[in-house]
Every structure is written in C-alpha cells, then in structure tokens.
Amino acid sequence: MLYSTYYFKSLESTNSKAKEMADNGAGSGTAVVAEYQTKGRGRLGKDWHSVAGKGLYCSIIIRPDLDPIEFPKITLVAGVAVSIVLDKVSNNLTQLKWPNDIYISGKKCGGILTESSPLTSSDASPYVVIGIGINVGHELADFPLELQKMVTSVFIETGIKHSIDDLLQTIRKELLFQIERFEDEGFQSILNEWRRKDFLLGKRMECVDTSGKIIEGVALGPDDSGQLHVRSDDGRIHEVLSGDVRLASR
Ligand code: BTN
C-alpha cells in the first residue's frame with residue numbers, strides 16, 4: 001500500500017500540522033515531515049531541539065482499529081517499532097526509556113510524542129498522531145552544550161550518515177506493522193519486546209508525577225497495561241502514570 005508523505009522545509013511542529021490534517025480527514029499512514037521545526041514539542045511542554053536537515057522530524061497519522069482506551073499503549077508500541085529500525089542501523093544497541101525515549105549507549109537518540117484526537121470528537125475513526133524525533137546525522141557540536149553529555153545520534157554511534165527519508169519510510173512500515181499486530185494479537189507480545197529493551201529496569205530513578213509528588217526508588221518496569229512501577233525505599237510500590245522520569249543522582 002502506498003501512503004502519502006508531505007514534505008515541508010520548515011514547520012512549527014510536524015505534530016501540529018499532522019493533527020490539522022487528521023482533523024481534515026487525512027488517512028491512516030499519512031506522514032508529515034519537516035527539515036526543521038521552529039516549535040518542536042516534547043512531552044510535558046518541553047521543547048524538542050530540531051537542527052535543520054540533521055534529524056528526522058516526522059508525524060505519522062494512525063487511525064487504529066482499537067478502543068480509544070487502548071490508545072495510551074500506542075506510545076510503547078511506537079517505541080518498539082522505532083527501536084527495531086534503529087537496531088538494524090546501529091547493531092542492536094537501542095534501549096527504551098519509559099515511556100517514549102529511544103536510547104543508544106545510555107544516551108537519548110530520539111523521542112516520541114503521541115497525541116490523540118480530541119475526546120469530544122465525534123469522529124467515527126479517531127486518530128493518533130505519532131510524532132517521532134530522531135537524531136540522525138548530528139555531531140556532538142550540533143547540540144546545545146548543556147545537552148551534550150546526555151544525547152547522541154545515529155551518526156555519532158555508527159559513523160554512518162543514513163538517509164533521513166529512508167529512515168522515515170522504514171519506520172512508517174514497521175510502525176504500521178506493529179499497530180496491526182497490536183490490533184490482531186493484543187498488547188502483550190509487543191510489551192514483552194519493549195521490556196527486553198527497558199533502559200530503566202532495576203535502576204534507581206526519580207519520578208515527578210503529575211500531582212508534583214517526587215518518588216525515588218528502583219524501576220520495576222511497566223505492568224501489563226504499560227504503566228511504569230517503582231519500588232520506593234520503604235518497600236511501597238508506586239504506579240507512575242505520567243511525569244518526568246529520570247535516573248536518580250545517587
Ligand atoms: C520527547 O522526547 O519528549 C518527545 C519528542 C518528540 C519530538 C518529535 S519531532 C517530530 C514531532 N513534532 C513535534 O513537535 N514533536 C515530535
């Protein structure tokens with residue numbers, strides 16, 4: 001099947017553009033890609049640093065045949081799809097940091113921002129926009145100084161400059177395959193694949209949940225519905241619904 005790809009030199013955010021297009025009826029599999037973004041967004045209102053022509057900045061529209069209650073799991077499914085593709089170009093090095101970061105050699109190489117159609121929408125075929133940002137051809141100097149210890153790119157890891165468009169096409173294919181697998185077989189086998197790549201598992205971490213409460217403890221990985229669990233030092237198990245998840249400093 002042939003899917004449409006819309007290329008832009010510059011956009012504020014490919015996610016915003018893809019949402020606009022999905023609201024106007026764009027079909028499942030449609031991709032929006034920009035050479036750079038002026039207001040690229042990450043999770044929790046953070047900015048996504050988009051260096052012109054060096055990264056993959058794309059959003060793929062999906063209209064899943066799933067109960068919308070299952071949509072939050074799609075972030076993890078997308079993480080598995082992206083990591084399968086990056087494994088092929090980086091010799092099986094990728095890991096996933098809950099819920100949506102792609103890590104190589106312990107550093108962030110990409111992130112995923114999933115946004116759904118408005119809950120109030122009467123759309124018979126609700127959509128999810130999967131925004132994917134990957135550092136492809138970046139050299140270390142392309143990142144702001146304060147990020148340089150925490151980030152990497154496919155080029156830094158492999159010494160190879162991969163075609164951004166080839167990566168987009170391969171990622172879309174893998175993503176649509178994994179979404180179909182989710183629809184047909186359910187979440188568990190994909191989640192098990194995610195667990196094998198869990199970057200945080202067993203590590204001490206700090207999580208600020210949406211109520212602002214700081215939890216510090218050991219990451220236990222996602223439960224069967226994809227929610228991260230953490231064991232704090234008093235032995236209590238906490239479910240991390242959302243929030244900023246980072247390694248603890250001690
Ligand atoms: C994160 O790490 O918090 C998620 C980052 C997602 C960035 C991508 S770049 C393409 C798409 N458009 C956006 O504005 N954000 C996503």
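That block above? That's the structure.
Residues numbered from 1 in each chain as written. Predicted model: local features only at pLDDT ≥ 70, side-chain atom pairs only at ≥ 80, totals over all residues. Heavy atoms only, no water.

A. Inspection of the overall build of the protein chain at higher detail. Scanning the protein chain from terminus to terminus reveals 5 helices and 12 strands. Taken over the C-alpha trace, the protein chain has a radius of gyration of 17 Å; the compact-globule value for 250 residues is 18 Å, and the two agree within 12%. The C-alpha extent of the protein chain, read off along each of the three principal axes, is 50 × 45 × 30 Å. The 250 residues of the protein chain split such that 50% are buried. Across the protein chain, contacts joining residues at least 24 apart in sequence account for 62% of those joining residues at least 6 apart. Accessible surface, the protein chain: about 12000 Å² in total, of which carbon and sulfur atoms supply 51%. If the 29 positive side-chain charges of the protein chain are averaged to one point and the 34 negative ones to another, these points end up 5 Å apart. (Helix = DSSP H or I, 4+ residues; strand = E, 2+ residues; numbered from the N terminus. Rg over C-alpha atoms; globule rule 2.2 N^0.38 Å. Buried < 20%, exposed > 50% of the residue type's maximum accessible area, 1.4 Å probe, protein only. Contact = heavy atoms within 4.5 Å. Areas by Shrake-Rupley, 256 points an atom, 1.4 Å probe, with all protein chains shown as cover. Lys, Arg positive; Asp, Glu negative; His and termini not counted. Charge placed at Lys NZ, Arg CZ, Asp CG, Glu CD.)

B. Molecular detail of the nonpolar core. In this structure, Leu56, Ile130, Ile132 and Ile134 are the most contacted members of the largest nonpolar core, which totals 53 residues. Here the element with the most residues in this core is helix α2 (residues 74-90); it accounts for 11 residues. The contact partners of Ile130, leaving out residues within four places of it in the chain, are Asn15, Cys58, Ser59, Ile60, Ile62, Ile74, Ala78, Ile112, Leu113, Thr114 and Leu175. Counting 10 residues, the second largest nonpolar core, distinct from the first, contains Leu11, Ala26, Tyr127 and Val129. (Core = buried A, V, L, I, M, F, W, Y, C linked by side-chain atoms within 4.5 Å.)

C. Structural detail: the layout of surface pockets. One number sums up the size of the largest pocket: a volume of about 900 Å³. Taken together, 42 residues form the lining of the largest pocket, with Lys46, Asp47, Trp48, Asp101 and Lys108 sitting closest to its centre. Those elements giving two or more residues to the lining of the largest pocket turn out to be α1 (14-23), β3 (55-62), β5 (101-104), β6 (107-116), β7 (128-135) and β12 (244-247). For the lining of the largest pocket, the leading source of residues is β6, giving 5 residues. Roughly 490 Å³ of volume is contained in the second largest pocket. Together, 21 residues line the second largest pocket, and Phe71, Pro72, Lys73, Thr75 and Pro99 are the ones closest to its centre. For the lining of the second largest pocket, the leading source of residues is β6, giving 5 residues. Split by residue class, the lining of the second largest pocket holds 11 nonpolar, 7 polar and 3 charged. (1 Å grid on protein atoms, 1.4 Å probe; cavity = no way out; pocket = protein on both sides within 12 Å on 5 of 7 lines; lining within 4 Å. Points joined across faces, edges and corners; volume = space filled by probe spheres on them. Nonpolar A, V, L, I, M, F, W, Y, C, P; charged D, E, K, R; others polar.)

D. Focus on the pattern of salt bridges. One pass over the structure, following the stated rule, counts 17 salt bridges. Ionic pairing is found between Lys39 and Glu12, a salt bridge with its closest N-O pair at 3.7 Å. Taken together, the residues span a long stretch of sequence, with Lys39 in the loop between β2 (31-37) and β3 and Glu12 in the loop between β1 (5-11) and α1 at a distance of 27 residues. Residue class for Lys39 comes out exposed when judged on its relative accessible area of 53%. Lys108 is the salt-bridge partner of Asp101, the closest N and O atoms lying 2.9 Å from each other. Taking relative accessible area as the criterion, Asp101 reaches 8% and is therefore assigned buried. When salt bridges that share partners are traced, they join Lys19, Arg41 and Glu115 into one network. (Salt bridge = Lys/Arg side-chain N within 4 Å of Asp/Glu carboxyl O.)

E. Layout of the side chain of Gln178. Within the secondary structure, Gln178 sits in helix α4 (residues 164-185). In this view, Gln178 contacts Val77, Val80, Ala81, Ile84 and Ile190; residues no more than four positions away in its chain are not counted.

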